[in-house]
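Working through the structure, step by step
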Amino acid sequence: MRSVMGASRALDELVKLMPEEAHVIQADHSTKAHPVSDMKKGEQILVKPGEKIPIDGLVFEGSSSVNEAMVTGEVTPVDKAPGDDIIGGSINGDGILKFTVSKTGDDTFISQVIKLVREAQESKSKTQRLADIAAKWLFYIALLAGTITFTAWMIFKGDLGFAMKRAVTVVIISCPHALGLAIPLVTAMSTGIGAKQGLLIRNRAAFENARKINVVIFDKTGTLTEGLFGVTDISAIGISEEELLAIDFAVESNSEHPIAKGIVKEAKKRGIALKTVTNFENVTGHGLKAKIDGREILVGSPGYMRSEHISINETEFERLSGEGKTVTYILADGILLGSIALSDIVRKSARPAVDALRAMDIESYLVTGDNQKAASFVAGKLGIEHVFAEVLPKEKVLKVDEIHQLGKKVAMTGDGINDAPALAKADLGIAIGAGTDVAIETADVILVKSNPKTLSI
């Protein structure tokens, strides 16, 4: 029942991700709120800035950046333009998108994930059903032994009281009542010890089999990394790093983009004062514009620099992008002031966790929806040899199956919705405490402190 309830809650959390209504575009180009459950293929939908995309579709007008971390695990928002697919449940950025519904009902991405979680939960519960069958037959054997004892003494002695005492004695001795007392005691004590170490145990059977684990699969974003952008490199031209960061800080403070939040966090950490900004503008596909002290400041991407034929250090850009970093460039009145690179920050506890597992002869795999460059850089930094990048949720489950076919026991560690099916399919599913409710509800063990090092306890 606990297993069934856990699966049910996980599926409920998935359903909650989807908006209940969508802005359907009418014939006169006005919009009308319409239940998502009644959507049909071909209907045209409007998504406003910051809204969740209600259903899978194909963009036909507008451009924006979309946060698809719940789908791919990729922390960097993905630019969307006409002709691009968008997935229900992902979050729209600053632009307006209009799209045509391409999938409904059981064909949508979220429905497919729900199906995968349900199948994985059911396949894992076979062992539990086997244990129930064994317990049932043990009860029947004890009852049969008691019945035979009662019948035999009644035949040989004919004394009802004597025969009843013997029968009850046999039944009591045959039933493993001592085990019934010992197991709850051990469970209570071990669960308490685990909680003190930052482990919340949801599935005792899977946890007890953890001693057989010889492969641990890690998700990247939010598990080995913090899932947040942090500044890693600052390259200033003609001004100091502090001045460059101050200018970028002033502009980025007006944006809710994940990169902007990383810049703001770094500037505040350094105690940089916020400059006054006027005429702020978010130019989709180009970057951010604003005026500071009478100068026109633009924060743009490498693509924008090339489109405007502004010379940048291509060698440095290739090096930074090869490390999975995102680079932004800052211009004042059209003159390049420098660049700031950001990346998803690797958790300090990640390397000790991988090293500790290696010392126990447990292999580490990195399976992520992030791009190959970012995945390889993080894997190299942590000493993980097996890397699979750009992997979707269904493919993560297949990776678990592939390792199972090698005769190995697998633990899966993740934090996102995209990890839920693999968490359920693995021999031991481990969720990061700071992760999504769906991942936590699907996992067998939860790391309360979001510390990968806890895995080696």
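So, a few notes on the structure that sits alongside this text. This one's a predicted model, so the numbers in the text were calculated from it and none came from an experiment.

A few words now on the overall build of the protein. Counting its regular elements, the protein contains 17 helices and 22 strands. Buried positions account for 44% of the 457 residues belonging to the protein. Within the protein, residue pairs in contact and separated by at least 24 positions form 63% of the contacts whose partners lie at least 6 positions apart. In the structure as shown, the protein presents an accessible area of about 22900 Å², 57% of it carried by carbon and sulfur atoms.

For the rest of this paragraph, the subject is the sheet that holds strand 14 (residues 287-292). In spatial order, the strands read 12-17-16-15-14-13; together these 6 strands make up an open sheet with antiparallel pairing. Looking at strand neighbours, the two that pair on one side only are strand 12 (225-236) and strand 13 (278-283), the edges of this open sheet. The mean angle between the axes of side-by-side strands here comes to 20 degrees, regardless of whether they run parallel or antiparallel. In this sheet, strand 17 (residues 335-346) lies alongside strand 16 (residues 326-332) in antiparallel orientation, the contact comprising 7 bridges.

A separate point is the pairing of strand 1 (residues 21-25). As judged from the 5 bridges shared by strand 1 and strand 2 (residues 31-35), these two strands associate in the antiparallel manner. Bridge pairing in strand 2 places A22 opposite H34. Between strand 1 and strand 2, which pair antiparallel one after the other, the connecting turn spans 5 residues, and H29 there sits at a positive phi close to 75 degrees. Note: strand 1 against strand 3 (residues 44-47), 2 bridges, orientation antiparallel.

Over its 13 residues, helix 15 (residues 393-405) runs 19 Å from end to end, which matches the ideal 18 Å to within 8%, given 1.5 Å per residue. Taken together, the buried positions of helix 15 are occupied by P393, K396, V397, K399, V400 and I403. Down the axis of helix 15, the sector holding all buried residues measures 155 degrees, keeping them to one side. Exposed positions of helix 15 whose direction lies more than 90 degrees from the buried face are K394 and Q405.

On to the pairing of strand 11 (residues 215-218), then. Remember that side chains alternate between the two faces of the sheet whenever the strand is regular. Going residue by residue along strand 11, you find V215 and I217 tucked away on one face and V216 and F218 tucked away on the opposite face as well. Pairing analysis gives 4 bridges linking strand 11 to strand 20 (residues 410-414), with the strands arranged parallel. Considered in strand 20, the bridge of F218 is made with T413.

Attention now goes to the environment of Q372. Looking at the secondary structure, you find Q372 in helix 14 (residues 372-382). Judged by relative accessible area, which is 38%, Q372 ranks as partly exposed. In sequence terms Q372 and V387 are 15 residues apart; their C-alpha atoms lie 8.6 Å from each other.

This part covers the sheet that holds strand 7 (residues 85-86). With antiparallel pairing, the 6 strands of this open sheet are ordered in space as 2-1-3-9-4-7. Two strands bound the open sheet, and with one partner strand each, they are strand 2 and strand 7. Bridge count between strand 4 (residues 57-61) and strand 9 (residues 97-101): 4 bridges; the pairing is antiparallel. Bridging from a neighbouring strand, L58 pairs with T100 of strand 9.

For the pair helix 9 (residues 241-252) and helix 10 (residues 258-269), interaxial distance at closest approach is 9 Å and the crossing angle is 130 degrees. The orientation of helix 9 relative to helix 10 falls into the category oblique. Relative to helix 10, the crossing made by helix 9 is left-handed. Contact residues: helix 9 offers L245, D248, F249 and E252, while helix 10 offers A260, I263, V264, E266, A267 and K268. Among the residues forming the contact of helix 9 with helix 10, the class breakdown is 6 nonpolar, no polar and 4 charged.

Procedures and definitions
Residues numbered from 1 in each chain as written. Predicted model: local features only at pLDDT ≥ 70, side-chain atom pairs only at ≥ 80, totals over all residues. Heavy atoms only, no water. Helix = DSSP H or I, 4+ residues; strand = E, 2+ residues; numbered from the N terminus. Buried < 20%, exposed > 50% of the residue type's maximum accessible area, 1.4 Å probe, protein only. Contact = heavy atoms within 4.5 Å. Areas by Shrake-Rupley, 256 points an atom, 1.4 Å probe, with all protein chains shown as cover. Pairing = 2+ DSSP bridges. Axes fitted to C-alpha atoms, helices over the stretch in contact; angles between N-to-C directions. Expected span 1.5 Å × (residues − 1). Arc of directions from axis to C-beta. Parallel < 35°, antiparallel > 145°, perpendicular 65-115°, else oblique. Left-handed = near helix turned anticlockwise from the far one by under 90°. Nonpolar A, V, L, I, M, F, W, Y, C, P; charged D, E, K, R; others polar.

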